[in-house]
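Tertiary structure, described
Next come the chains, spelled out residue by residue.
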Amino acid sequence: MASPMRSLLTNPSRYVQSFRLFLTNSTEHQCMQEFMEGQLPAVIASIGNGKSTINILSVGGGAGEIDLLILSKVQARYPGVTIRNDVIEPSADQIFKYKERVAETSNLENVKFTWHEETAYEYESRMNSEKKSKKWDFIHMIQVLYYVKDVPETIRYFHSLLEAQAKLLIILVSGTSGWEILWKKYRSSFPLNDLCLYVSSADIKRILDSAGLKYQLHELPSHMDITSCFIEGNKDGELLLDFLTETCEFSKTAPPELKRQVMEELRKPECSEERDGKVLFNNNLSVIVIEP
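Here is what the cut-offs are and how they apply
- Numbers given for residues are sequential positions, taken from 1 along each chain in its written order.
- Totals for whole chains, interfaces and linings use every residue, but because this is a predicted model, local features are given only for residues with pLDDT of at least 70 and side-chain atom pairs only at 80 or more, for both listing and counting.
- The basis for the side-chain values is all heavy atoms of the structure; hydrogens and waters are excluded.
- Each helix is a run of H or I in the DSSP string that is no shorter than four residues. Each strand is a run of E no shorter than two, and both are numbered from the N terminus.
- Residue exposure (1.4 Å probe, protein chains only): buried if accessible area is under 20% of the type maximum, exposed if over 50%, otherwise partly exposed.
- Residue contacts are counted whenever heavy atoms from the two residues lie within 4.5 Å of one another.
- One fewer than the residue count of a helix, multiplied by 1.5 Å, yields its expected span.
- The disulfide definition used here is simple: a pair of cysteine sulfur atoms within 2.5 Å.
- Any Lys or Arg side-chain nitrogen found within 4 Å of a carboxyl oxygen on Asp or Glu counts as a salt bridge.
- In this text, buried Ala, Val, Leu, Ile, Met, Phe, Trp, Tyr and Cys residues form a nonpolar core when linked through side-chain atoms within 4.5 Å.
- Arc, as used here, means the arc of the directions from the helix axis to the C-beta atoms.
- The pairing criterion is simple: DSSP has to find at least two bridges between the two strands.
- Lines fitted to C-alpha atoms define the axes, with helix axes restricted to the stretch in contact, and inter-axis angles between N-to-C directions lie between 0 and 180 degrees.

**Regarding the overall build of the protein**
When you go through the protein residue by residue, the secondary structure sums to twelve helices and twelve strands. Seen through its C-alpha atoms, the protein measures out along the principal axes to roughly 60 × 40 × 35 Å. Burial statistics for the protein: of 292 residues in total, 54% are counted as buried. Taking the contacts inside the protein whose residues are at least 6 apart along the sequence as the reference set, 80% of them involve residues at least 24 apart.

In structure tokens, the structure reads:
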């Protein structure tokens, strides 16, 4: 019998809803912000040397929270220099939020934004068909490599667009996170389609090593409060479970045995720690900075 479980990505509005709840319940953006404040300035220290315009490409820019923080650091390093910021983002809803955020943010006079409502793969295909290969001074792919068809090829393509002193920055879940435990064990049970695949920093390191690319790796500790997942019928808990399993309505559609195993797994110390009556899922991230 065909499984009634469907990928969360088949329901874009529920995906965005569960993603926003994930951000609310986790230190995801806080730990990225700490990295951007503390360590990004050194990463971008020479990307714009001698340039009158700095070209930045944001792959999967979402609603722009982290993008605008990155831009503020580039502006601080290169005051007054024109910045061209192109954003590849398939969700019209996220682009709308991004544009709203830009409208509400001051000091962006020297930044020119262009949004491309398409996936990374569609962007690459379009550029190839238009015989274009624009070079960039900084490219970042934050939490996006789960949604590309071919990870090594995507990294290879965007790496090929780097200027001589540019950097490619990738952020994704760490090989030491709860995601790694959950997905390595249950990926064959979740309804993964070609819209989503599970990759962690451990996979990316292997890809970069085999391609002979030079990179630095930074680990960012992070957690997500998943206490509500253990309260039967709790709407937030159901949304977070959807996000954890990339499954639409996991609580209602998963076979009872799978649901029981996943709930048990989520409580194990490899995945989560219990603190002050809360269950905190290990959401550790890795930042990988790749040289040209």
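Continuing now.
**Here's the deal with helix H5 (residues 92–103)**
In this model, H5 (twelve residues) spans 17 Å end to end at C-alpha, consistent with the 16 Å of a helix rising 1.5 Å per residue. Looking at the packing, one finds that the buried side of H5 touches helix H1 (12–25), helix H4 (65–77), strand E3 (82–88) and strand E4 (111–116).

**Structural notes on the environment of Ile 47**
In this structure, Ile 47 sits in the loop between helix H3 (40–43) and strand E2 (53–59). What makes Ile 47 buried here is its relative accessible area of 0%. Beyond its immediate chain neighbours, meaning those up to four positions away, Ile 47 contacts Ile 54, Val 74, Tyr 78, Asp 137, Phe 138, Gln 165, Ala 166 and Lys 167.

**What to know about the state of the cysteines**
Across all of its chains, the model carries zero disulfides by this definition. Counting only cysteine sulfurs, Cys 271 is the nearest neighbor of Cys 31, a cysteine outside any disulfide, at a range of 18 Å. On the basis of relative accessible area, Cys 31 is assigned to the buried category, the value being 6%. Looking at Cys 271, it has no disulfide partner, and the nearest cysteine sulfur is the one in Cys 229, 12 Å off.

**Some thoughts on the pattern of salt bridges**
Under the defined criterion, the tally for this structure stands at 24 salt bridges. Here Arg 126 and Glu 118 are joined by a salt bridge, their closest N and O atoms 2.8 Å apart. The exposure class of Glu 118 is buried, given its relative accessible area of 9%. Where Glu 232 meets Lys 259, a salt bridge forms, and the shortest distance between an N and an O atom there is 3.6 Å.

**As for the nonpolar core**
Judged by nonpolar contacts, the single largest core of 96 residues is most densely connected at Phe 158, Trp 179 and Leu 244. Tallying contributions element by element places strand E6 (residues 162–173) first for this core, with eight residues. Beyond its immediate stretch of four places on either side in the chain, Trp 179 contacts Phe 22, Val 173, Lys 184, Tyr 198, Met 224, Phe 243, Leu 244, Phe 281, Asn 282 and Asn 283.

**A short note on helix H12 (residues 256–267)**
Since the α-helix turns once every 3.6 residues, residues separated by three or four places project in the same direction. With twelve residues, H12 ought to run about 16 Å at 1.5 Å a step, and its terminal C-alpha atoms sit 17 Å apart, in line with that. Within the span of H12, buried status applies to Leu 258, Lys 259, Val 262, Met 263, Glu 265 and Leu 266. Projected onto a plane normal to the axis of H12, the buried residues spread over an arc of 160 degrees and lie on a single side. Those residues of H12 that are buried are in contact with helix H8 (178–186), helix H10 (235–245), helix H11 (250–253), strand E10 (272–275) and strand E11 (278–282).

**So, the sheet that holds E4**
Strand order across the open sheet formed by seven strands is E4-E3-E2-E5-E6-E12-E7, with mixed pairing between neighbours. The open sheet is flanked by E4 and strand E7 (215–220), the only strands paired with a single partner. In this sheet, adjacent strand axes meet at a mean angle of 15 degrees when their direction is disregarded. Summarising the sheet, strand E5 (residues 136–142) and E6 pair through six bridges and their orientation is parallel. Across the sheet, the residue bridging to Ile 139 is Leu 168, located in E6. Together, E3 and E4 form the strand contacts of H5, whose direction differs from that of E4 by roughly 170 degrees.

What is shown is where atoms sit, not what they do.
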